[in-house]
Amino acid sequence: MNIDDLVAIDIHTHAEEPCCGHRDDGYDEFQAGMAKYFKNPAGKDGMLPSVEQTAQYFRERKIGAVIFPVDTERETGFRRYSNEDVARIAAENDDILIPFASIDPAKGKAGAREARRLVKEFGVKGFKFHPTMQGFYPNDRMAYPLYEAIAEEGAIMLFHTGQTGVGSGMRGGMGMRLKFSNPIHVDDVAVDFPDTPIILAHPSFPWTEEGLMIAQHKPNVYIDMSGWSPKYFPPIFVHYANSILKKKMLFGSDWPAITPDRWLSDFEQLDLREEVKPLILKENAARLLKLM
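Residues numbered from 1 in each chain as written. Predicted model: local features only at pLDDT ≥ 70, side-chain atom pairs only at ≥ 80, totals over all residues. Heavy atoms only, no water.

Trainee: Quick question: what am I supposed to make of the pairing of strand β5 (residues 156–160) here?
Mentor: Consecutive residues of a regular strand have side chains that alternate between opposite faces of the sheet. In terms of burial, β5 is a largely internal element, 5 of the 5 residues being buried. Residues I156, L158 and H160 point to one face of β5 and M157 and F159 to the other, with burial holding for every one of them. Direction of pairing for strand β4 (residues 126–129) relative to β5: parallel, over a ladder of 4 bridges. When the sheet's bridge partners are listed, F129 is paired in β5 with F159. Note that β5 and strand β6 (residues 198–201) share 4 bridges and pair parallel. When the sheet's bridge partners are listed, H160 is paired in β6 with A201. (Buried < 20%, exposed > 50% of the residue type's maximum accessible area, 1.4 Å probe, protein only. Helix = DSSP H or I, 4+ residues; strand = E, 2+ residues; numbered from the N terminus. Pairing = 2+ DSSP bridges.)

Trainee: I keep staring at the pairing of strand β7 (residues 221–224) and nothing clicks. Help me out?
Mentor: A two-sided burial pattern is seen for β7, the buried positions comprising V221 and I223 on one face and Y222 and D224 on the other. Across 4 bridges, the pairing between β6 and β7 is parallel. Counted as the bridge partner of L200 is I223 from β7. Handedness of the β-α-β unit built from β6, helix α9 (residues 208–217) and β7 comes out right-handed. Relative to strand β8 (residues 249–250), β7 runs parallel, the two sharing 2 bridges. By the bridge assignment, D224 is partnered in β8 with L250. The β-α-β motif built from β7, the intervening helix α10 (residues 235–241) and the parallel element β8 has right-handed crossover chirality. (Right-handed = clockwise from strand over helix to strand, strands pointing away.)

Trainee: Teacher, can you tell me more about helix α11 (residues 260–267) here?
Mentor: Helical geometry note: an α-helix holds 3.6 residues per turn, so side chains three or four residues apart project in the same direction. By the burial criterion, the buried members of α11 are P260, W263, D266 and F267. Viewed end-on, α11 has its buried residues packed into an arc of 140°, placing them on one side of the element. Structurally, α11 contributes buried residues whose contacts are with β1 (8–14), α2 (51–61), β2 (63–68) and α12 (277–288). (Arc of directions from axis to C-beta. Contact = heavy atoms within 4.5 Å.)

Trainee: Sorry if this is basic, but what is going on with the packing of aromatic side chains here?
Mentor: One pair of aromatic rings is described through two measures. These are the centre distance and the angle between the planes. On inspection of all chains with the given rule, the structure shows 17 aromatic pairs. On the numbers, 6.5 Å between centres and 35° between planes, the contact of F68 with F100 is tilted. Of the two residues, F68 sits in strand β2 while F100 sits in strand β3 (residues 97–101), which places them 32 residues apart along the sequence. With respect to class, F68 is no different from F100; both count as buried. Both rings, one in W263 and one in F267, keep their centres 5.0 Å apart while their planes meet at 20°; by these two values the pair is stacked. Taken together, the residues span about one helical turn, with W263 and F267 both in helix α11 at a distance of 4 residues. In terms of burial, W263 and F267 fall into one category: buried. Ring-pair connections join several aromatic residues into one group, and the members of that group are F129, F136, Y144, Y147, F159 and F193. In this structure, R61 packs its charged tip against the face of Y57, placed 3.5 Å from the ring centre. (Phe/Tyr/Trp six-rings, centres within 6.5 Å; stacked < 30°, edge-to-face > 60°. Lys NZ or Arg CZ within 6 Å of the ring centre and 35° of its normal.)

Have a look at this one:
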């Protein structure tokens, strides 16, 4: 990956379409709900991009992309997409893709073993957690064997925070319990793993100020700005991005739910100092990912 050639690094993109095999029962309905929430047709049958198509999209725009699946088998019944397959395809497109992985922390020692293998053998740089979809509090000690493996291997932890479009408007919210994604629960993880980079994904609504508080207080905590169009960012979120957290904010789209084209267009309308924009769009992520 030639960092100088890139205009930005998107720290938050999803591998949604299975690398192989068919969709599970209920998956079409789940994606239709996402498409309705984000006003984006990507969730409709046949419309989700493959990892290869994602690479081509980002390559055309000269945007690097961190890509990952999400392991939600236990809570949703949807088979997870192979971490190995995503990492393998990312390696074939390493001019533009950076592989993260996802493991349900309830997998315990087996999950910890998998994490070590993914870092050592597949070059995985980080791990995505979705507390709401995985049904756990981030500070639950059940998750610590996996965190310890990630920390010892020098990888990054990325946690979904705040409200989620997953299940929004669906009966019972598709079983998603929003309480798990209050970022305050990640504060304990930042204390217990002080040398491990931690990313809070999204503006953490309605706990935006809690997320800002943790990122300001803990040196190892960053915030990605994905999942929302920038035009909807709360004023305090923009203020912190423009000042005290300017070196800890990261561009993320939440592809394919939100496209970089849409996100970047709205980002240009934010009242940000010109010297802050390149930090958010590329430089902060490049340093965090040790690409520069």
